[in-house]
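The chain contents come next:
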Amino acid sequence: MTAAALSNPPLRQGLRSRRWLLWGALLALVLMLLGVLVFLATQYEQSRDQVALERDAVTVTSDMRAALVRNVQTLQSLHSVAPTPDSWPGSAAELLAQHRELVRLEWRGIDLQVLVHRDSAYLPDLLGQLDRAQALPDVRQACGNAQRIAGPSFSPSYFWPMRGGQGLELMEMCLPLVRSGVPAGFLVATYSLPGILSELTQKDLLRDRGLAFTEPDGTRLALHSSVAGSRRTLVASSLLNLPGHTLMLRLESPRAVRGLFPNVLTAVVGALTLALLAVLGLLARDMRLRQRAELEVADALAFRQAMENSLVTGLRARDMDSRVTYVNPAFCQMVGFSAEQLIGTGLPAPWWPPELVDEYQQRQAVRLAGQALPREGWESVFQRSDGTRFPVLIIEAPLIDAHGTQTGYMSAILDLTEQRRVEELNRASQDRLQATARLATVGEMASLLSHELNQPLAAIASYATGTLNLLEGPVGELPQSDLQLAMRRIGEQAERAGRVIKSVADFVRRREPVREAVPPHSLLDAIAPLLGLQAKKLGIRVQTDIAPGLPAVLCDRTMVEQVLLNLARNGMQAMPEGDPSTASGLRVLTLALQQSRLSAGQEAGEPPRKAWVEFTVTDHGQGLSEDVRDKLFTPFFTTKSEGMGLGLSLCRTVIEQHGGALTFEPAHPRGTVFRFTLPTG
Ligand code: ADP
């Protein structure tokens, strides 16, 4: 999933609800599966119980049938043991005592008349309520049937009321008797159905169960036991097929109460399902955490992307093989290539100007050799896709991954075009300002110049007049030596005038700034003529104080000369005629040169410091008021009617460009000292 998709709120909402729906469906399915499993297992258990019950019912009926067949044999043997009506009752009583299911035995003749009978000792009052004749139809039916099939036959069961509202369900069994091949009557045995149920069944099969004979429609005929309570029961029926009659046996069993999980298998599957649910729950939690982390990452990514897009600094990442792995939009805009065009490109880079490829390759090799990267970066020139060049500042740092291994380099690239343009503009306007200031100085000096030039010109004129006078004499008497002298003087004066003009021209001429090693005193010498002119006009004494053995200073001579001239001129203007300093004889301007205290106080053993030469210009004028002090270096601040107010601000710029500093302080006993330093070469 993309970061953009994740950071879209409606889409996020949609995804979240769909995820919940899926989880809900999964949970419902698992629960349904578990329910079906428990239901099927319960059903299976019940059907197993049912099958077992039915099997037991069949066992019970077959037991009964076997017992009844055995009884037939026992009854047949009764006649062989007691063949006469006298001996019969004794044997019959014995038999009745052994078989409680039998309630009465009768020996009947061919005409069904009772010859002899015996009642069970357990039910002595059997005929207390009703006469035995009431049962005759059943006896007749059974015996008729028995005669027909020549074997034992049963009658349908019937209810025999007894005293006290009691009663019994009875059933007749008739067995034809044959003696010496001749029918000798019937043996009628009256069975009690409850007796059959209690006597002819295995007790262990009936534990906790209900056993009864029923009609086919479910009406109960005889009950041996019933299931306690009103719990739901399982029911199995089985037919007891007897010759002449069929009875229906009903076996009931309480339905086993089962736990939630009816057997081990279901319990295991249930437990596994629950465990599965728990795992799913954990998985869901894990997924939720992961999604939250993904969202946070997506947010962070979106934030990073917005930040990168808003940057004007170009960003570029390279792997250890110098292949570009990442560029931001600002970098693409700088070099005029799209990110697709740049990513994957190696060396030489598409933005390298062809003529600089060799140099850049070397630089790259140095970097790859593991040398420390300069924190302040380095300047370089790049080429845009349209072939134009532009200066850049590159700051590079190693890219370290999460394992602490360096995977490449990340570079921040600043386009210096605009900065360079502003610098150039500044420099040009600075140059123009300085030229203007120089011209202004020249303008101020124009009157001094005319005065200074006047002298040599007047001298030249008078020498010329003298020469002309000499030439007016007779040709042969021309004083050769005087003429030569006059011409030499004219030449000298012309040279002097030329020097004055040249000193001004030198000063005004605009030159390219050059740094050269200049002996400090030569700077004073250069301005001395111009300074002399002004000093002479103002009646000020100029004094120089030069410490011996000073090293050469590294400077642009024209500029420093202008600084000196400016400071000296300001100093002289601060001591006008009539100034109190006149009285004290202090109208002196001192220009001094000495080793700067910055470098002079160096202790032995200290690392060598840069040496500086200090220039001081001291006047004893009115000094600086507090107000003037604050605005001294503000361009166009002046207290003079003809002043421009540019001198000091330019002086400071020039000195600072040389790496030095321009300061001022009060002079002793009055006036001001301006002090500046220049580095030695
Ligand atoms: P300008 O000389 O054209 O006025 P500057 O920048 O050289 O411009 O000087 C600015 C002002 O600083 C001057 O007008 C003057 O008031 C004051 N100033 C400069 N140097 C001195 C000095 N040595 N003594 C007293 N005031 C001075």
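What this report covers is the structure whose coordinates are included nearby. (Residues numbered from 1 in each chain as written. Predicted model: local features only at pLDDT ≥ 70, side-chain atom pairs only at ≥ 80, totals over all residues. Heavy atoms only, no water.)

1. Concerning the overall build of the protein
We apply this condition: Each helix is a run of H or I in the DSSP string that is no shorter than four residues. Each strand is a run of E no shorter than two, and both are numbered from the N terminus. Relative accessibility decides the category of a residue: with a 1.4 Å probe and only protein chains considered, values under 20% of the type maximum give buried, values over 50% give exposed, and everything between is partly exposed. Whether two residues touch is decided by their heavy atoms; if any such pair falls within 4.5 Å, the residues are in contact. Residue burial considers only the protein chains on display, and all accessible areas are found by Shrake-Rupley using a 1.4 Å probe. Here the positive residues are Lys and Arg and the negative ones are Asp and Glu; neither His nor the chain ends is included. Taken as the charge location is NZ of Lys, CZ of Arg, CG of Asp or CD of Glu.
Looking only at helices and strands, the protein has 17 helices and 22 strands in total. Along the longest, intermediate and shortest principal axes, the C-alpha atoms of the protein span 225 × 55 × 50 Å. A total of 681 residues make up the protein; the buried ones form 39% of that total. In the protein, the share of contacts with a sequence separation of at least 24, taken over all contacts with a separation of at least 6, comes to 61%. For the protein, the computed accessible surface area is about 37200 Å², with 58% contributed by carbon and sulfur atoms. Charge separation in the protein, taken as the distance between the mean sites of 68 positive and 69 negative side-chain charges, equals 3 Å.

2. Details of the state of the cysteines
Just so we agree on the cut-off: The term disulfide is used for any two cysteine sulfur atoms that are within 2.5 Å.
For the structure on display, the rule yields one disulfide. Disulfide pairing places C143 opposite C174 at an S-S distance of 2.0 Å. Because the torsion about its S-S bond is 95 degrees, the bridge between C143 and C174 counts as right-handed. Placement of C143 in helix α4 (residues 136–149) and of C174 in strand β5 (residues 167–179) is noted, with a sequence separation of 31 residues between them. Neither residue differs from the other here; C143 and C174 are each classed as buried. C651 supplies the cysteine sulfur nearest to C555, a cysteine that is in no disulfide, at a spacing of 14 Å.

3. Some points on α4
To keep it simple, the criterion reads: Working rule for helices: expected span equals 1.5 Å times residues minus one. Here the arc refers to the set of directions running from the helix axis out to each C-beta atom.
The end-to-end C-alpha distance of α4 is 20 Å, a good match for the 20 Å that 14 residues give at a rise of 1.5 Å each. By the burial criterion, the buried members of α4 are D138, V139, A142, C143, N145 and A146. Projected onto a plane normal to the axis of α4, the buried residues spread over an arc of 160 degrees and lie on a single side. Counted as exposed and oriented over 90 degrees from the buried face of α4: Q147 and R148. Where α4 is buried, its residues meet β1 (102–108), β3 (153–154), β4 (158–161), β5 and β6 (182–192). Immediately downstream of α4, the backbone of A150 shows phi near 55 degrees, a positive value.

4. Side note on helix α6 (residues 264–310)
Under the 1.5 Å per step criterion, the end-to-end length of α6 is 67 Å for 47 residues, consistent within 8% with the ideal 69 Å. Taken together, the buried positions of α6 are occupied by T266, G270, T273, L277, L280, A284, Q291, L295, A298 and E308.

5. Some remarks on the site of the ligand
Applied cut-off: The cutoff for a nearby residue is simple: one of its non-hydrogen atoms must lie within 4 Å of the molecule or strand. Identification of polar contacts relies on pairs of N or O atoms within 3.5 Å, with a donor-acceptor requirement for protein atoms, meaning one able to donate a hydrogen and the other able to accept it, and with residues adjacent in sequence counted only if both atoms are side-chain atoms.
Close to the ligand lie 20 residues; N570, D619, T638, T639 and K640 are nearest. The backbone of L648 places a nitrogen or oxygen atom 2.9 Å from an oxygen atom of the ligand. Contributions of two or more residues to the shell around the ligand are made by α13 (557–573), α17 (647–657) and β22 (672–679). By residue number, the principal contributor to the shell around the ligand is α13, which donates three residues.

6. Some points on the side chain of T616
Positionally, T616 belongs in strand β20 (residues 612–618). A relative accessible area of 11% places T616 in the buried class. Other than its neighbours up to four places away in sequence, T616 contacts T590, L591, A592, V673, F674 and R675.

7. Comments concerning the sheet that holds strand β7 (residues 210–214)
For the record, the criterion: Strand pairing follows a simple DSSP-based rule, namely that at least 2 bridges must link the two strands. The axes used here are C-alpha line fits, helices contributing only the stretch in contact, and every angle between their N-to-C directions lies in the interval 0 to 180 degrees.
Within the open sheet, the four strands sit side by side as β8-β7-β10-β9. Their pairing is antiparallel. Looking at which strands have only one partner, the edges of the open sheet turn out to be β8 (220–225) and β9 (233–242). Pairs of neighbouring strands in the sheet enclose a mean axial angle of 20 degrees, with direction left out of account. Here β7 pairs with β8 via four bridges, running antiparallel. Each residue of the ladder has a partner; that of T214, found in β8, is R220.

8. Things to note about the pattern of salt bridges
Threshold: Whenever a carboxyl oxygen of Asp or Glu lies within 4 Å of a side-chain nitrogen of Lys or Arg, that contact is scored as a salt bridge.
Applying the stated criterion across every chain yields a total of 23 salt bridges. Residues R250 and E252 are paired through a salt bridge, measuring 2.8 Å at the closest nitrogen-oxygen approach. R250 gets classed as partly exposed once you look at its relative accessible area, which sits at 26%. Salt bridges sharing common partners tie together R104, E106, R108, D119, R132 and E172.

9. Examining the environment of A592
The residue A592 is located in strand β19 (residues 588–595) in this model. The sequence separation of A592 and A28 amounts to 564 residues, and the corresponding C-alpha distance is 102 Å. Excluding residues that lie within four positions of it along the chain, A592 makes contacts with D545, E614, F615 and T616.

10. Notes on empty space enclosed by the protein
Quick note on the threshold: In this analysis a 1.4 Å probe is tested at points of a 1 Å grid over the protein atoms alone, and where it fits but cannot get out there is a cavity; an open set with protein on both sides within 12 Å along at least five of seven lines is a pocket; lining residues have an atom within 4 Å of a point. Grid points are joined across faces, edges and corners, and a volume is the space filled by probe spheres set on the points. Asp, Glu, Lys and Arg are counted as charged, while Ala, Val, Leu, Ile, Met, Phe, Trp, Tyr, Cys and Pro are counted as nonpolar; the rest, among them Gly, fall into the polar class.
Here the structure, examined in full by the defined rule, presents two cavities of 30 Å³ or more. Its boundaries defined by the atoms lining it, the largest cavity holds a volume of some 60 Å³. Along its surface, the largest cavity is lined by 11 residues, and R316, R318, R363, Q364 and I394 are the ones closest to its centre. Listing elements by their share of the lining of the largest cavity, those giving two or more residues are β11 (314–319), α9 (357–368), β13 (378–383) and β14 (389–400). Residue contributions to the lining of the largest cavity peak at three residues, all from α9. Taken together, the residues that form the lining of the largest cavity break down as five nonpolar, one polar and five charged. In this model, the second largest cavity occupies a volume close to 40 Å³. Forming the boundary of the second largest cavity are Q434, M559, Q562, V563, N566, L650, C651 and V654. Sorting the residues of the lining of the second largest cavity by element identifies α13 and α17 as the ones contributing at least two each.

11. Quick look at unusual backbone geometry
Cis rather than trans, the peptide bond between H668 and P669 has omega equal to 0 degrees. Looking at where P669 falls in the secondary structure, it is placed in the loop between β21 (662–666) and β22. One non-glycine residue, A150, adopts positive backbone phi at about 55 degrees. In this structure, A150 sits in the loop between α4 and β3. For A150, a relative accessible area of 65% gives the class exposed. Of note in the backbone geometry, S322 takes a positive phi value of approximately 65 degrees without being a glycine. Mapping S322 onto the fold places it in the loop between β11 and β12 (324–327).

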